Amino acid sequence: MTAPALPFFVYGTLRPGQVNHDLFLHGRTLREEPARLPGAVLYDGPGYPYAVEAPGEAGATVAGDLVTARPEEYARLLDELDRLEEYAPGDPHNLYERVAREVTRPAADAAPVRAWVYVAAPAVAVRLRVRGKPIDGGDWLTRR
């Protein structure tokens, strides 16, 4: 089954100005705009963050960017990002899972957008909830 061509919500090293943005996204996107992922908490990782789903948790939101790939780049970019995030469908050793979630944009009249998000895989999420370090405000760029 082919994945739908959704935009990507990025919140760590793939954000504009970060190392993986230049390596993977630079010149391959139509649009990049600020967005937020509600119902998730951001945790610090070993050089990159993890979004952990936390539906219903008050104040749980992750800051990032909604990235729309150029159509001619989409399939290859999806494969490259899956490899970068060490995601393989159904693999119990995944660090991340790619899931479709609603993200919001800052404009008051902007409708939520369904996007691909790489969230912490279940086993990783359990460990982070127990002994991880949440990033205050949910924004990787302001963590220090």
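That block above? That's the structure.
Quick notes on the rules
Residues numbered from 1 in each chain as written. Predicted model: local features only at pLDDT ≥ 70, side-chain atom pairs only at ≥ 80, totals over all residues. Heavy atoms only, no water. Helix = DSSP H or I, 4+ residues; strand = E, 2+ residues; numbered from the N terminus. Contact = heavy atoms within 4.5 Å. Phe/Tyr/Trp six-rings, centres within 6.5 Å; stacked < 30°, edge-to-face > 60°. Buried < 20%, exposed > 50% of the residue type's maximum accessible area, 1.4 Å probe, protein only.

Explain the overall build of the chain here, please?
A count of helical and extended segments in the chain gives three helices and seven strands. Secondary structure of the chain in N-to-C order comes out as β-α-β-β-β-β-α-β-β-α. For the chain, the spread of C-alpha atoms along the three principal axes comes to 40 × 40 × 30 Å. Of all intrachain contacts in the chain linking residues separated by at least 6 positions in sequence, the fraction that spans at least 24 positions is 69%.

Help me understand the packing of aromatic side chains, please; the structure alone is not making it clear to me.
The description of two aromatic rings rests on the distance between their centres and on the angle between their planes. Applying the stated criterion across every chain yields a total of six aromatic pairs. Residues Y87 and Y118 carry aromatic rings whose centres are separated by 6.4 Å and whose planes lie at 70° to one another, so their mutual orientation is edge-to-face. One end of the pair, Y87, is in the loop between α2 (74-84) and β6 (96-103); the other, Y118, is in strand β7 (residues 113-120), with 31 residues separating them in the sequence. Residue classification places Y87 among the buried positions, given a relative accessible area of 13%. Aromatic rings pair up to connect Y48, Y50 and Y96 into one cluster.

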